[in-house]
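Each chain is listed here by its residues.
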Amino acid sequence: LKAAEVALRTGKTYYTSSVGMIELREEVCKKLKRDNGLDYTPGQVVCSNGAKQSIMQLVTALVSPSDQVIIPAPYWTSYPDICRMAGCDPVIVRTEAKDDYQMSPAQLEAAITPRTRALILCSPSNPTGSVYPKEKLEALAKVLERHPRVFVISDEIYEYITYEGATHTSFASLPHMYERTAVVNGFSKGFAMTGFRLGYVAAPLKVAKLCAKVQGQITSCPCSISQHAGVAALRMGMKPVKEMIQDFSAKRQYVLDSLNKIKGVICARPMGAFYVLPQISAYYGRMTPDKKQMISDSTAFCKHLLSEYKVALVPGIGFGDDRCIRISYAGAMSDLEEAMTRLKKCLESLVEA
């Protein structure tokens, strides 16, 4: 915040380079080397107005209308629509709670066709909180070695937020994957800078140049004030981030304990991000207490929960799994306690049709 204030007061309010200030891109390169063991030059980094823009530009730059992009589900809501906007076809691979919502090598192999151009992978995941262990990523990489046309868009925006010893591995750090991977990251999650709208992609030079061309015709550069704040964030050290994660950890455990007390709810243990994705489909087909409405799917349940209990959750259908609802535990503990009490009361109030 101080860096943003100084930038404003000293007149740093003009256009920067379309791909971002050199100071910011240099700091991104240092971060990627320090945290991920990856060597990039500033010319391989394109800073955008959020990681979502980076993903949109990658898909736009890489795919043709006849191409397919593999997306494991549950997925971040924007991925399939980004593909459709770019004119290609999303291919959804369904994963299960019993597998920690992680796609297997066999599933990946089965999804690849001659039309496959890219794979979008998010670890740690929004919405599941799943974190792929290094050995599972290596197994996926082995499959991709047999399919050289498939490029990987690795969404690593939640990389700092992990629990219980889980560690993040950047896909580009795996053998033979550097030249076939674009690393997408940003400042919204690890640094809690959502409103600054600042993200970046680090990629092979040819791909970075393509992204820069797309960005030059859409938004030009990211906000100059946000870029100065981003430089400060990358230089400040990890103490504030670790304090945030410690706070998340206690809230995560509370939400998990609360869900495990509700009969019929199935919940994988998230090892990253700040979401839980419980399956509540055991309650589908039941009626509201007044027997005026049937809870047929995740949307119907979330509407009922909001209307009658004033709790806002996100239907799982938006993430590709209608059996689920998404809970964020990034709010205050007092709010979470009240919300989980109301969620339990709502589910248990549903009656047989």
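See the structure shown above.
This is a predicted model, so every value here is computed, not measured.

Some thoughts on the overall build of the protein
Then step 1. From N to C terminus, the protein includes 11 helices and 12 strands.
Then step 2. A principal-axis box enclosing the C-alpha atoms of the protein has dimensions of 60 × 55 × 35 Å.
Then step 3. By the burial criterion, 54% of the 353 residues in the protein qualify as buried.
Then step 4. Contacts in the protein between residues at least 24 apart in sequence constitute 72% of all its contacts with a sequence separation of at least 6.

Regarding the sheet that holds strand E12 (residues 325–328)
Then step 1. Taken together, 3 strands build an open sheet; the order of strands is E8-E12-E11 and the sheet is antiparallel. Of all the strands in the sheet, just strand E8 (275–276) and strand E11 (314–315) have a single pairing partner and so form its edges.
Then step 2. As paired strands, E11 and E12 are joined by 2 bridges and run antiparallel to one another. The residue bridging Pro 315 from the neighbouring strand is Ile 325, located in E12.

A short note on the pattern of salt bridges
Then step 1. One pass over the full model with this rule turns up 21 salt bridges.
Then step 2. The residue Arg 235 makes a salt bridge to Glu 27 at a minimum N-O spacing of 3.0 Å. Here Arg 235, found in helix H8 (residues 224–235), pairs with Glu 27, found in helix H2 (residues 22–36); they are 208 residues apart in sequence, far enough to count as distant.
Then step 3. Of the residues examined, Arg 235 reaches a relative accessible area of 54% and is grouped as exposed.
Then step 4. Salt-bridge contacts for Asp 247 lead to Lys 251; the nearest nitrogen and oxygen are separated by 2.7 Å. Of this pair, Asp 247 and Lys 251 both sit in helix H9 (residues 239–260), 4 residues apart, which is roughly one turn of the helix.
Then step 5. Sharing partners across several salt bridges, the network here consists of Lys 31, Arg 34, Asp 35 and Glu 159.

Considerations on the state of the cysteines
Then step 1. One pass over the structure, following the stated rule, counts 0 disulfides.
Then step 2. Counting only cysteine sulfurs, Cys 83 is the nearest neighbor of Cys 88, a cysteine outside any disulfide, at a range of 4.2 Å.
Then step 3. Look at Cys 88 and you get buried, because its relative accessible area is 3%.
Then step 4. Between Cys 122, a free cysteine, and Cys 83, which holds the nearest cysteine sulfur, the sulfur-to-sulfur gap is 14 Å.

Focus: the packing of aromatic side chains
When we look at a pair of aromatic rings, we describe it by the centre distance and by the angle of the planes.
Then step 1. What the rule picks out here adds up to 9 aromatic pairs.
Then step 2. Ring centres 5.7 Å apart and planes at 75 degrees place the aromatic pair Tyr 158 and Tyr 275 in the edge-to-face group. Placement of Tyr 158 in the loop between strand E5 (151–155) and strand E6 (181–186) and of Tyr 275 in strand E8 is noted, with a sequence separation of 117 residues between them.
Then step 3. By relative accessible area, which is 2% here, Tyr 158 ends up buried.

Structural notes on the pairing of E12
Then step 1. Here E8 runs beside E12; their pairing, made up of 2 bridges, is antiparallel. Bridge pairing in E12 links Tyr 275 to Ser 328.

Considerations on the side chain of Gln 279
Then step 1. As for its placement among the helices and strands, Gln 279 is situated in the loop between E8 and strand E9 (286–287).
Then step 2. Judged by relative accessible area, which is 8%, Gln 279 ranks as buried.
Then step 3. For Gln 279, the side chain forms a polar contact with the side chain of Tyr 101, separated by 3.4 Å.
Then step 4. Once you skip the residues sitting within four places of it in the chain, Gln 279 turns out to touch Glu 96, Ala 97, Tyr 101, Gly 264, Val 265, Ile 266, Arg 323 and Cys 324.

Observations regarding helix H6 (residues 134–145)
Then step 1. Here H6 is 12 residues long and its end C-alpha atoms lie 16 Å apart, about the 16 Å a rise of 1.5 Å per residue gives.
Then step 2. Buried residues belonging to H6 abut helix H5 (105–111), strand E4 (116–122) and E5.

Considerations on the nonpolar core
Then step 1. Leu 24, Leu 58, Phe 187, Leu 259, Phe 301 and Leu 343 are the most contacted members of the largest nonpolar core, which totals 90 residues.
Then step 2. The element best represented in this core is H9, accounting for 7 residues.
Then step 3. Once residues within four sequence positions are removed from consideration, Leu 259 is found in contact with Val 265, Cys 267, Val 276, Pro 278, Ile 327, Met 340 and Leu 343.
Then step 4. Of all hydrophobic cores here, the second largest spans 19 residues; its members include Leu 108, Leu 119, Leu 140 and Leu 144.

What counts as what
- Residues numbered from 1 in each chain as written.
- Predicted model: local features only at pLDDT ≥ 70, side-chain atom pairs only at ≥ 80, totals over all residues.
- Heavy atoms only, no water.
- Helix = DSSP H or I, 4+ residues; strand = E, 2+ residues; numbered from the N terminus.
- Buried < 20%, exposed > 50% of the residue type's maximum accessible area, 1.4 Å probe, protein only.
- Contact = heavy atoms within 4.5 Å.
- Pairing = 2+ DSSP bridges.
- Salt bridge = Lys/Arg side-chain N within 4 Å of Asp/Glu carboxyl O.
- Disulfide = S-S within 2.5 Å.
- Phe/Tyr/Trp six-rings, centres within 6.5 Å; stacked < 30°, edge-to-face > 60°.
- Polar contact = N/O pair within 3.5 Å; in protein donor to acceptor, adjacent residues only side chain to side chain.
- Expected span 1.5 Å × (residues − 1).
- Core = buried A, V, L, I, M, F, W, Y, C linked by side-chain atoms within 4.5 Å.

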